[in-house]
Amino acid sequence: MFKSGNVTVIVADLKRAVQFYVETLGLKLQHPMDGHFVQIEAPGLTIGLLHLAGEQDSQPEKSGSMSIGFEVQDLESAIETLKSRGVEFHDSVEGKAAQVVHFNDPDGNTLYLVSNR
């Protein structure tokens, strides 16, 4: 029934968001930035970055009900790589099945790294 899936993230500054997701996180820009929407390719996931008004000074509303996770094999290495790119992590949760560390994009959207055991 479904061919693929994606998540759309509302951002306040599209250029800043693209810089974070592409340069800081190392994800791939699918198409050149045009207008107020762009797609970023992550392994197994397409992330749409949307600036609702199409103007850089508009602020998105925050719901806090969404987060994007990226599974990694070597959590410590991924943390160190992202820290070297300016990412600040704000908490870590360790369970029997996985360890999760959270951080935010420039618009305050929650992202996390997860390492399954």
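Residues numbered from 1 in each chain as written. Predicted model: local features only at pLDDT ≥ 70, side-chain atom pairs only at ≥ 80, totals over all residues. Heavy atoms only, no water.

The name that an unreviewed UniProt entry assigns to the chain is Glyoxalase, with the source organism given as Pueribacillus theae.

Colleague: Before we move on, could you go through the pairing of strand β1 (residues 6–10) and cite the residues and values that matter?
Modeller: Only one face of β1 is buried, namely the one carrying Val-7 and Val-9, since none of Asn-6, Thr-8 and Ile-10 on the opposite face is buried. In terms of strand pairing, β1 meets strand β4 (residues 45–50) through five bridges, oriented parallel. Following the sheet pairing, Val-9 is matched in β4 by Leu-49. (Buried < 20%, exposed > 50% of the residue type's maximum accessible area, 1.4 Å probe, protein only. Helix = DSSP H or I, 4+ residues; strand = E, 2+ residues; numbered from the N terminus. Pairing = 2+ DSSP bridges.)

Colleague: Go over the side chain of Asn-109, please, and point to the residues and values.
Modeller: Summarising the element assignment, Asn-109 is placed in the loop between β7 (98–104) and β8 (110–116). Overall, the relative accessible area of 14% leaves Asn-109 in the buried class. Each residue touching Asn-109, except ones within four places of it in the same chain, is listed here: Val-9, Ile-10, Met-66, Phe-103 and Asn-104. (Contact = heavy atoms within 4.5 Å.)

Colleague: Provide a residue-level description of the packing of aromatic side chains, including the pertinent values.
Modeller: Throughout the structure, instances matching the rule amount to two aromatic pairs. Pairing Phe-20 with Tyr-21 gives two aromatic rings, centres 5.4 Å apart and planes at 85 degrees, and the pair type is edge-to-face. For the pair Phe-20 and Tyr-21, one class covers both residues: buried. Ring geometry for Phe-89 and Phe-103: centres 5.2 Å apart, planes at 65 degrees, overall edge-to-face. Placement of the pair is Phe-89 in strand β6 (residues 89–94) and Phe-103 in strand β7, with a sequence separation of 14 residues. Taking relative accessible area as the criterion, Phe-89 reaches 21% and is therefore assigned partly exposed. (Phe/Tyr/Trp six-rings, centres within 6.5 Å; stacked < 30°, edge-to-face > 60°.)

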